[in-house]
Amino acid sequence: MTAKYLIRFDDICPTMNWDIWNELEAVLIENEIKPIIAVIPDNKDKSFFINEPVSDFWARLKKWQENGWTIGLHGHHHQYVTQDRGLLCLKKQSEFAGIDEETQYHKLQSGLNIFKENNLTPEIWVAPSNSFDLQTIKALKRLGLNLISDGFSFRPFRHHDMNWIPHQVWRFRPFPFGLWTVCYHHNTWKPGDLEQLIKDIKKYRHQIISLQDVLNHSEIKERNYMDVMFHYTYCGAMQVKMWLNSSLNS
Ligand SMILES: [Zn+2]
C-alpha cells in the first residue's frame, strides 16, 4: 500500500509564463506524466500577464487532453471578489465563496461556454485560492461538473453529493500511503524550482498516476469519520502554519 501522487498545475492561461512552461511540458512528456491542468477560461488576473498570448492556446489544450492529461476549470476570471475561505480553511479570498448560487452559476457557465466554443469539456473543478462553498457545488452539479480537485483527506471521497479528489500539498513529500495531489504554480517559480520538480519526478515516478487511473481504480465512498478527522487535523496544522508565517513576516 504505497502512496500515489497526482500532479496539478494551476493558472494555465494564454499569457502565462511560457518560458518555464515549455521546459516543464517537455519534462512531463518525457516522463509520461499526465497531470491535471487547471485552466482559467478568461483570465483577468494581471499577475498572469507574463508572456504575449499564444495564438494556439486551445489547440494545445486539446492535444494535452488527447494525450490523457486532465483539463480542469479554474474559475472564470481568477479575480477575487470576496474575503471568504469557503468550505476549506486556507486563504480568505475567493472568486466564488460568499456569492449567491445564481450569480455563481452564470460565472461558471460563462467559463464553461469558452471551453465549449473551443470544443473542450473540462473534467474537474479547481477553485481559485481553494475557495468555494455549497452554492458553488450546487451550481457545478447543475452544469454537469461532478468532480472537485480539493479537500483534505488521504483518499477520494463523496461529500455534498459530489466526488472529491483530495488536494493537500504544494511539493512532494514522502507519505506512507494514500492519494496526494501536489499542486504547482509555475508562473511564480524561482530559479531551482524546475530542477527540484525534475528531481522529485525521478524519485517518485512509479508512484505518480493520472486522474483517469484514480477514477478507474477507486471506489469513491461517502466521507466518513476518518476523512473528517483528517480534515480537522490538517486544517488545524495549516492554520498554525499560516499564523506562524504571518507572525514571522509582520
Ligand atoms: Zn489560481
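Note that the structure is predicted; figures quoted are calculated from it, not measured.

S.K.: Tell me about the overall build of the protein, and please be specific about residues and values.
M.R.: The secondary structure content of the protein amounts to 7 helices and 8 strands. Here the C-alpha radius of gyration of the protein, 17 Å, is about what a compact globule of 250 residues would show, namely 18 Å. Taken over the C-alpha atoms alone, the protein extends approximately 45 × 45 × 45 Å along its principal axes. A buried classification covers 51% of the 250 residues belonging to the protein. Once local pairs closer than 6 in sequence are excluded, the contacts in the protein between residues at least 24 apart make up 73%. Summed over all atoms, the accessible surface of the protein reaches about 12300 Å², with 52% contributed by carbon and sulfur. Across the protein, 28 positive and 29 negative side-chain charges occur, with their mean positions spaced 6 Å apart.

S.K.: Give me the pairing of strand E8 (residues 179–184): which residues, what numbers.
M.R.: Judged by how many residues are buried, E8 sits mostly within the fold: 6 of 6 residues are covered. Here E8 shows two buried faces, one formed by Leu 179, Thr 181 and Cys 183 and the other by Trp 180, Val 182 and Tyr 184. Of the strand pairs in this sheet, strand E1 (residues 4–12) and E8 are connected by 6 bridges, and their pairing is parallel. The residue of E8 that forms the bridge with Phe 9 is Tyr 184.

S.K.: Lay out helix H4 (residues 134–142) in plain terms, naming residues and giving numbers.
M.R.: At 3.6 residues per turn, the α-helix brings residues three or four places apart onto the same side. Taken together, the buried positions of H4 are Thr 136, Ile 137, Ala 139 and Leu 140. All buried residues of H4 lie within an arc of 165° about the axis, which places them on one face of the element. Turning to H4, the residues buried within the fold contact helix H3 (101–117), strand E4 (124–125), strand E5 (147–149) and strand E7 (162–165). Sitting at the amino-terminal end of H4 is Asp 133, which places a side-chain oxygen 3.1 Å from the backbone nitrogen of Gln 135. Immediately beyond the C-terminal end of H4, within one or two residues, lies Gly 144, with a positive phi of roughly 85°.

S.K.: So what's going on with the state of the cysteines? Residues and values would help.
M.R.: The tally for this structure, following the rule as stated, stands at 0 disulfides. In this structure Cys 13 is not part of a disulfide, and its nearest cysteine sulfur, from Cys 183, lies 14 Å away. Residue classification places Cys 13 among the buried positions, given a relative accessible area of 0%. Assessed through its relative accessible area of 1%, Cys 183 is described here as buried.

S.K.: Describe the layout of surface pockets, naming the residues involved and giving the relevant values.
M.R.: Roughly 880 Å³ of volume is contained in the largest pocket. In terms of lining, the largest pocket is formed by 32 residues, of which the most central are Lys 91, Trp 170, Cys 183, His 185 and Thr 188. Elements represented by at least two residues in the lining of the largest pocket include exactly E1, E8, helix H5 (193–204) and helix H7 (225–249). For the lining of the largest pocket, a count of residues per class yields 12 nonpolar, 10 polar and 10 charged.

S.K.: Kindly report on the environment of Lys 203, identifying the contributing residues and their values.
M.R.: Within the secondary structure layout, Lys 203 lies in helix H5. For the pair Lys 203 and Phe 172, spaced 31 residues apart in sequence, the C-alpha to C-alpha distance is 9.7 Å.

S.K.: Explain the side chain of Thr 181 to me, using residue names and the numbers behind them.
M.R.: In this fold, Thr 181 is placed in strand E8. By relative accessible area, Thr 181 is classed as buried at 0%. Among the polar contacts made by the side chain of Thr 181, one reaches the main-chain carbonyl oxygen of Pro 166 at a distance of 2.6 Å. Not counting residues within four places of it along the chain, the set of residues in contact with Thr 181 comprises Leu 6, Arg 8, Ser 149, Ile 165, Pro 166, His 167, Gln 168 and Val 169.

S.K.: Kindly report on the packing of aromatic side chains, identifying the contributing residues and their values.
M.R.: Overall, the coordinates contain 20 aromatic pairs when judged by the stated rule. Aromatic pair Tyr 5 and Phe 172: ring centres 5.1 Å apart, planes at 50°, arrangement tilted. Placement of the pair is Tyr 5 in strand E1 and Phe 172 in the loop between E7 and E8, with a sequence separation of 167 residues. For Phe 172, a relative accessible area of 5% gives the class buried. Measuring from ring centre to ring centre gives 5.4 Å for Trp 21 and Trp 64, while their planes differ by 50°; the resulting arrangement is tilted.

Basis of the calculations
Residues numbered from 1 in each chain as written. Predicted model: local features only at pLDDT ≥ 70, side-chain atom pairs only at ≥ 80, totals over all residues. Heavy atoms only, no water. Helix = DSSP H or I, 4+ residues; strand = E, 2+ residues; numbered from the N terminus. Rg over C-alpha atoms; globule rule 2.2 N^0.38 Å. Buried < 20%, exposed > 50% of the residue type's maximum accessible area, 1.4 Å probe, protein only. Contact = heavy atoms within 4.5 Å. Areas by Shrake-Rupley, 256 points an atom, 1.4 Å probe, with all protein chains shown as cover. Lys, Arg positive; Asp, Glu negative; His and termini not counted. Charge placed at Lys NZ, Arg CZ, Asp CG, Glu CD. Pairing = 2+ DSSP bridges. Arc of directions from axis to C-beta. Polar contact = N/O pair within 3.5 Å; in protein donor to acceptor, adjacent residues only side chain to side chain. Disulfide = S-S within 2.5 Å. 1 Å grid on protein atoms, 1.4 Å probe; cavity = no way out; pocket = protein on both sides within 12 Å on 5 of 7 lines; lining within 4 Å. Points joined across faces, edges and corners; volume = space filled by probe spheres on them. Nonpolar A, V, L, I, M, F, W, Y, C, P; charged D, E, K, R; others polar. Phe/Tyr/Trp six-rings, centres within 6.5 Å; stacked < 30°, edge-to-face > 60°.

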